[in-house]
Amino acid sequence: MMDSRPRKETTEVAEVHGYCQTEIEVTHGFGLHARPSVTFTRLAKSFPCTVEIAVNGSDVWLNGKSIVKIMGAKIRRGSVLKIRAHGLRAAEAIVALKALIERNFDEEKKHGRTA
Amino acid sequence: MAEPLEIAGISASPGIAVGPAHLATQMAPVAVGSRNTSAAERHDLQEAIAAAIAELTALAERSDEESAGILDFQIEMLLDPALMGIAEERLAAGDGAALAWVGALDLYIAGIAAAPDEQVRARAVDVIDIRNRVLGALTGKPIGDFPPGSVFVGKDLEPSLFLAHDWTDGGGVVLFDGSVSSHVAMLARTRSIPMVVATGPFEIDGGERVLVDAIAATVVVAPDDTRIRKTEARAGPAGAAVKLDAGGLAHTIDGAEIRLSAIINDPAELAVVDASSFAGIGLMRTEFLVGSPANALNEEKHYAIYREALRWAGAAPVTIRMLDLGGDKTLPGIGGKSSDSFMGLRGVRLLLARPELARVQARALLRAAAHGNLEVLLPMITVPGEIDAMRAIFEEEAADLLRRGTEIRMPEIGMMVEVPAAALTLDGFSNAAFFSFGTNDLAQYVMAAARGSSAVAGLYDAAAPVVCRLIAQGVERANAMKRPIGICGEMASDPRHLPALLAAGLRHFSVAPNCIADVRSAIAGLRSNGLPAAERN
């Protein structure tokens, strides 16, 4: 059957199966390097589900809880990340990780408001 | 005597250093064969990784926050089972622990070092650091420190080695490769250790005297005394004595003084931000008070918070911005509807339309100003008459308070420059005591692109050069008017924009406290015209 939801909406949630996927562009300063990658993997590890990422349309999925894999992926500003999660609290994990990237990995914690 | 050898590089941290060269030790070649079963070798490697984690944790505990953050990254890498995983195949094939480790890590490092993005490439040395530390633990040869006061010369310098070294006797760093974006370059800038990178390999003996001129971006091997004196004299006070001064000052490589103030969004931040790193508060927002209209209208609440900010800043100025409501910040019962949002009744327009709010805040500001270096900043000023109208409110409230014998002081009143009309006509605002660019709003107004709209995010992002041109004009006018001018927009907290902002003539930046280290270190690597210290001539 055709899916009537608009294709623009990239976050797909199927909580019954414990599966969730999203797509997001890394728009901020330093991409996913040193400090941001620590923040990202620590958050990913706080969820029981698996977390995997694929960079720039690649079909190779990397363990999103592994900082070694993430550094090896050489993510940069402008990279498009697909993030998917399987298992318990998958939807929650995707929402939290996406929000972290949108918040620029909390690099500007408390200083998001503008002048 | 032979001419001293002189090598050009790129300055990664300004200053002048002279000292005996310490040549980076090459890691000892690794034994190929393994004496043990692969299970025993695997166990050895795991033990070595655990030992490395323990060493780094201990080092992080005695490091400052920024340095600890860099070490945290290394610790997290070592904790990742994937790191052991990439050595696994070689262990299974019968390689000894050290060989399997180095082989696997070198392949991984080569991948990072080949990245097109310099920010990624600069991380390779962090992984080299990890590799060497674990190897040191495996072979029982810990990573060697070097004598205090010496100049480190090598291909690259690992952050943990830099952090474990005692720099109190001075010294410098010369790297054949290296990058101005590396962690160690950041560390060198925050500690004022002169550092020249990208010299390419050159001949030098251990212990030979070497001059690091990280102002001219050169390295001189075996310089004579005259040469050293000349270099130090030329550098002047900005040379050998270069310090990333605390107290909210930074200096560009050619000695221009830059004032760094804090942006405070919430009084709770005062407890966790170190006042000694800032020249006071360049922007204290007061919208946090509007969680409820009752607080916004509570003069005592305002007053108590302003007093606290003044205590935090000591003698330094505290610039408090009056309530900037409307637009995306509304107060139940007060403030514009979303229909007039950004183009309607916001900032000073709203304060003047609803003066009861302005009067409460003015009274608290007048009273607090008696106790410290308080300044008032008006948001969304478009025409000079708005400043006169607000000043009239301050004068009326001042007269009233004085009649009742309350201690007050009339503070300086300055304006945000965030509406293009004001930015273009600053010479008409002689009634403002100072100017502060609010680049976030200026960008959206000048580009006609709402900053929250992802559909026009590309236009908003393209605003930087346009905004910088407005800033350059404004700075010129303000200087002619002898009025202080600064910036408190997000642009100032982003090191990528600093070259253009310096080139536009700004010398006072209000930055988010968690960005201060990056901003400070970026300024130390730039000239006052915004160009990098980098290339010679």
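Structure: see above.
Residues numbered from 1 in each chain as written. Chains lettered and ligands numbered in written order. Predicted model: local features only at pLDDT ≥ 70, side-chain atom pairs only at ≥ 80, totals over all residues.

1. Here we look at the sheet that holds strand E8 (residues 218-221) of chain B
All names here are of chain B. Heads up, the rule is: A pair of strands counts as paired when DSSP detects no fewer than two bridges linking them. Only DSSP runs of H or I reaching four residues or more are called helices, and only runs of E reaching two or more are called strands; each is numbered from the N terminus. Fitted lines through C-alpha atoms serve as axes, helices being fitted only where they are in contact, and the angles separating the N-to-C directions of these axes extend from 0 to 180 degrees. Two residues qualify as being in contact provided that their C-beta atoms, derived from the backbone, are within 7 Å of each other.
Reading across from one edge, E1-E8-E7-E3-E4-E5-E6-E2 is the order of the eight strands in this open sheet, with mixed pairing throughout. This sheet does not close on itself; its edge strands, each paired only once, are strand E1 (5-8) and strand E2 (10-13). Neighbouring strand axes in the sheet, compared pairwise and without regard to direction, differ in orientation by 25° on average. Judged from the three bridges that link them, strand E3 (residues 16-23) and strand E4 (residues 151-154) form a sheet pairing that is parallel. Residue pairing across strands places Leu-23 opposite Val-153, the latter belonging to E4. Packing of helix H8 (residues 183-191) onto the sheet brings it into contact with E2, strand E5 (172-175) and strand E6 (195-197), and relative to E2 it is tilted by some 65°.

2. Side note on the nonpolar core
Soluble globular proteins tend to bury their nonpolar side chains together. The criterion, for reference: The term nonpolar core refers to a group of buried residues, namely Ala, Val, Leu, Ile, Met, Phe, Trp, Tyr and Cys, whose C-beta atoms join them within 7 Å. Exposed residues have 12 or fewer other C-beta atoms within 10 Å of their own C-beta, buried residues have 20 or more, and partly exposed residues fall in between, where C-beta atoms are placed from the backbone.
The biggest cluster of nonpolar side chains holds 182 residues, and the ones touching the most others in it are Trp101(B) and Leu378(B). Once you skip the residues sitting within four places of it in the chain, Leu378(B) turns out to touch Met322(B), Val348(B), Ile387(B), Met390(B), Ile413(B), Met415(B) and Met416(B).

3. Observations regarding unusual backbone geometry
Residues other than glycine seldom take positive phi values, yet Asn56(A) does so here, at roughly 50°. Summarising the element assignment, Asn56(A) is placed in the loop between strand E3 (50-55) and strand E4 (62-63). Classification of Asn56(A) as partly exposed rests on a count of 13 C-beta atoms within 10 Å. Phi is positive for Ala222(B), close to 50°, though the residue is something other than glycine. Inspection of the secondary structure assignment puts Ala222(B) in the loop between E8 and helix H9 (225-235).

4. Overview of the environment of Tyr445(B)
On the secondary structure map, Tyr445(B) appears in helix H16 (residues 439-447). Contacts of Tyr445(B), omitting those with residues within four sequence positions, involve Val419(B) and Pro420(B).

5. Re the packing of helix H1 (residues 34-45) of chain A against helix H2 (residues 65-79) of chain B
The description of two helices packed together rests on the angle between their axes and the distance between the axes. Here is the rule: Angles below 35 degrees are treated as roughly parallel, those above 145 as roughly antiparallel, those between 65 and 115 as roughly perpendicular, and all remaining angles as oblique. In this scheme the crossing of two helices becomes right-handed for a clockwise turn of the near helix relative to the far one and left-handed for an anticlockwise turn of less than a right angle. Polar here means any residue other than Ala, Val, Leu, Ile, Met, Phe, Trp, Tyr, Cys and Pro, which are nonpolar, and Asp, Glu, Lys and Arg, which are charged; Gly is therefore polar.
Between H1(A) and H2(B), whose axes approach to 9 Å, the crossing angle comes to 50°. Between H1(A) and H2(B), the interaxial angle falls into the category oblique. Handedness of the H1(A)/H2(B) crossing: left-handed. When H1(A) is examined against H2(B), the residues Ala34(A), Arg35(A), Val38(A) and Thr41(A) are found in contact with a partner set consisting of Gly69(B), Ile70(B), Asp72(B), Phe73(B) and Glu76(B). A breakdown of the residues in the contact of H1(A) with H2(B) according to their chemical character gives four nonpolar, two polar and three charged.

6. Remarks on the interface of chain A and chain B
The partner chain B presents 32 residues to the 24 residues of chain A that form the contact. Breaking the side of chain A that touches chain B down by element, the ones donating at least two residues are H1 and helix H2 (67-72) of chain A. Counted by class, the side of chain A that touches chain B contains seven nonpolar, nine polar and eight charged residues.

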